[in-house]
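The primary structure of each chain is shown beneath.
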Amino acid sequence: MKCIGVLTSGGDAPGMNAAIRAVVRAGVHYGCQVFGIEHGYQGMIAGAIRPMDARSVSNIINRGGTILHTARCKEFMEPEGRVRAAEQLRRFGIEGVVVIGGDGSYRGAQALHQEHGIRCIGLPGTIDNDIGGTEYTIGCDTAVNIAMEAIDRLRDTAASHDRMFFVEVMGRHSGYIAMISGIAGGAEEIIVPEEPTDIGALIETMRLGRQHGKSSAIVVIAEGDDAGDAFQIAKIVAEKSEFKDSRVTVIGHLQRGGSPTAFDRVLASRMGVRAVEALLEGETGKMVGIVHQQMVLRPLSDTWECRCPYDPGLSQVARILAV
Ligand code: ADP
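Keep in mind the model is a prediction, meaning the values are calculated, not measured.

### A few points about the sheet that holds strand 8 (residues 217-222)
Reasoning step 1: Taken together, four strands build an open sheet; the order of strands is 7-8-6-9 and the sheet is parallel. In this open sheet, the two edge strands, each paired with only one partner strand, are strand 7 (189-191) and strand 9 (247-250). In this sheet, adjacent strand axes meet at a mean angle of 20° when their direction is disregarded.
Reasoning step 2: Pairing geometry for strand 6 (residues 164-169) and strand 8, over six bridges, is parallel. Note on strand 8: the bridge partner recorded for Phe166 is Val219.

Structure (C-alpha cells):
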C-alpha cells in the first residue's frame, strides 16, 4: 500500500492532532503518500482531500482540536453517500484510511470497507473513554485533568462560603470523567450513569459530612445521569433537604479543548504509528487499542458490541475517602 488517508470524525478530542501527526509521519517513514481528508466523511464525499508531508504537521502535537476539522455527515450513512466517498478516494489513489473518532465513525468505516474494499483502521478519539476494546481513548486524560482543575477551583470558593457545589462534567453514557476527576478532586459524592442514583442516600452522605465537621461539599455529576442534570439534581436536593443554598457549575465544552496531556500525546503517537503499520500489514476493519500498556488490534465491531467495563471498586474508593 503506497497511499493512505487520515481523517477525524464525530466529536473532537484533545490529542487528535497528535494522532494526525503520528499517522502522517509514520506514513512518510514507511514510504507512503499520506492525504488529509477534511471535515470527516463530509470532506471524503466532497473531495476535500490534500497531500500532507512531515512539515504539514509541525507544531501541532501540543494543540487541542483537529487541524483536519471534524464533522457529522448524514449523507455517509446512506450507501449512495459511500459510493461517492469511495469514488473520491479512488481518484486520489487512496487504498487505506485511518479514521480517528468514536464508534459511530467506525460503523461508517466498516461499511466503507465492506462495500468498497477500502481498508480502514480506527483510532479511538473521544473524551468519554467509552469505546469497547481499549482501556483508554485519546483525549480522556486531558478531559479528566481539566475537570479536576475546575473542581479544585470550585473547592476554594465552596470552602470559603461553606457551600455545596454540584459540578456537571461530560459523559452522556459514561461516568469515566466524573469518577476519575471526582476521586482526583476529592469529591464528597460522585454520580454516574452506570449506577442508579439515590437522592435520599446523597442527602444522607451530605448530612454525615456535616456531622463529621465538613462545612462544604462537592458533588460531581456525569451529564447523562438517570436522575437528571446537575440543575435538576440540585433542585431535588433543595426540595427534600436543608441544603438549599447550593451552586451549580456545568464545565461543558471547556473539557474538549486545550493542550493535551503528556499521556494523551504519547497514546495518540503510539496509536498513530501502529495504525499505519497495521494498514501496511494488510489489516482492515480493526481499531488500535491499548490493553495492559500494549497496543492491540480489535475488530471495529468490538467497539459497539463490547461494553466498557465499569469498575464499582472506584466508587467504593470514593465513598471510603469522602468521610
Ligand atoms: P462518533 O464517531 O464520535 O461516535 P457519530 O456517532 O456522530 O460520532 O458518527 C460520526 C459520523 O460517522 C456520522 O456523522 C456518520 O457520517 C458516520 N456514521 C455513524 N454511524 C454510521 C453508520 N451506521 N453507517 C455509516 N456511517 C455512520
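On we go.
### Here's the deal with the domain arrangement of the protein
Many structure descriptions define interface size as the accessible area lost when the parts assemble.
Reasoning step 1: Here the protein is partitioned into domain 1 (3-139 + 260-305) and domain 2 (141-256).
Reasoning step 2: Distance from the C-alpha centre of domain 1 to the C-alpha centre of domain 2: 34 Å.
Reasoning step 3: Contacts between the two partners involve 14 residues from domain 1, matched on the other side by twelve residues from domain 2.
Reasoning step 4: In this assembly, domain 1 packs against domain 2 so that about 1,000 Å² is buried in total across both faces, 53% of it on carbon and sulfur atoms.
Reasoning step 5: The tally of links between domain 1 and domain 2 comes to one salt bridge.
Reasoning step 6: At the boundary of domain 1 with domain 2, the tally comes to nine residue pairs in polar contact (both at pLDDT 80 or more).
Reasoning step 7: For the side of domain 1 that touches domain 2, the residue count by class is six nonpolar, four polar and four charged.

### Observations concerning the environment of Gln88
Reasoning step 1: On the secondary structure map, Gln88 appears in helix 3 (residues 79-92).
Reasoning step 2: For Gln88, a relative accessible area of 16% gives the class buried.
Reasoning step 3: Along the backbone, Gln88 and Arg307 are 219 residues apart, and their C-alpha atoms lie at a distance of 34 Å.
Reasoning step 4: Leave out the neighbours within four places in its chain, and Gln88 touches Met44, Ile45, Ala46, Gly47 and Ile49.

### Notes on the packing of aromatic side chains
Reasoning step 1: What the rule picks out here adds up to three aromatic pairs.
Reasoning step 2: A ring pair is formed by Phe35 and Phe92, whose centres lie 5.5 Å apart and whose planes are at 65°; its orientation type is edge-to-face. Of this pair, Phe35 sits in strand 2 (residues 33-37) while Phe92 sits in helix 3, placing them 57 residues apart in sequence.

### Regarding the site of the ligand
Reasoning step 1: Taken together, 15 residues form the shell around the ligand, and within it Arg72, Cys73, Gly102, Gly104 and Ser105 come nearest.
Reasoning step 2: Here Arg72 contributes a side-chain N or O atom positioned 2.5 Å from an oxygen atom of the ligand.
Reasoning step 3: For the ligand, an oxygen atom lies 2.5 Å from a polar atom in the side chain of Ser105.
Reasoning step 4: Computed on the free molecule, the ligand has an accessible area of 550 Å², of which 78% lies beneath the protein chains in the complex.
Reasoning step 5: Top element by residues in the shell around the ligand is helix 4 (residues 103-116). It accounts for five residues.
Reasoning step 6: By residue class, the composition of the shell around the ligand is four nonpolar, seven polar and four charged.

### Structural notes on the sheet that holds strand 10 (residues 286-291)
Sheet strands associate in pairs through backbone hydrogen bonding, adopting either a parallel or an antiparallel arrangement.
Reasoning step 1: Taking strand neighbours across the sheet as the criterion, the seven strands line up as 3-2-1-4-5-10-11 in an open arrangement whose pairing is mixed. In this open sheet, the two edge strands, each paired with only one partner strand, are strand 3 (49-52) and strand 11 (294-299). When strand polarity is set aside, the average angle formed by the axes of neighbouring strands in this sheet is 30°.
Reasoning step 2: Relative to strand 2, strand 1 (residues 3-8) runs parallel, the two being bridged by five bridges. Within strand 2, the residue paired with Leu7 across the bridge is Ile37.

About the cut-offs
Residues numbered from 1 in each chain as written. Predicted model: local features only at pLDDT ≥ 70, side-chain atom pairs only at ≥ 80, totals over all residues. Heavy atoms only, no water. Pairing = 2+ DSSP bridges. Helix = DSSP H or I, 4+ residues; strand = E, 2+ residues; numbered from the N terminus. Axes fitted to C-alpha atoms, helices over the stretch in contact; angles between N-to-C directions. Domains from an automatic or database assignment. Contact = heavy atoms within 4.5 Å. Buried area = accessible area lost by both parts, 1.4 Å probe. Salt bridge = Lys/Arg side-chain N within 4 Å of Asp/Glu carboxyl O. Polar contact = N/O pair within 3.5 Å; in protein donor to acceptor, adjacent residues only side chain to side chain. Nonpolar A, V, L, I, M, F, W, Y, C, P; charged D, E, K, R; others polar. Buried < 20%, exposed > 50% of the residue type's maximum accessible area, 1.4 Å probe, protein only. Phe/Tyr/Trp six-rings, centres within 6.5 Å; stacked < 30°, edge-to-face > 60°. Near = heavy atom within 4 Å. Areas by Shrake-Rupley, 256 points an atom, 1.4 Å probe, with all protein chains shown as cover.

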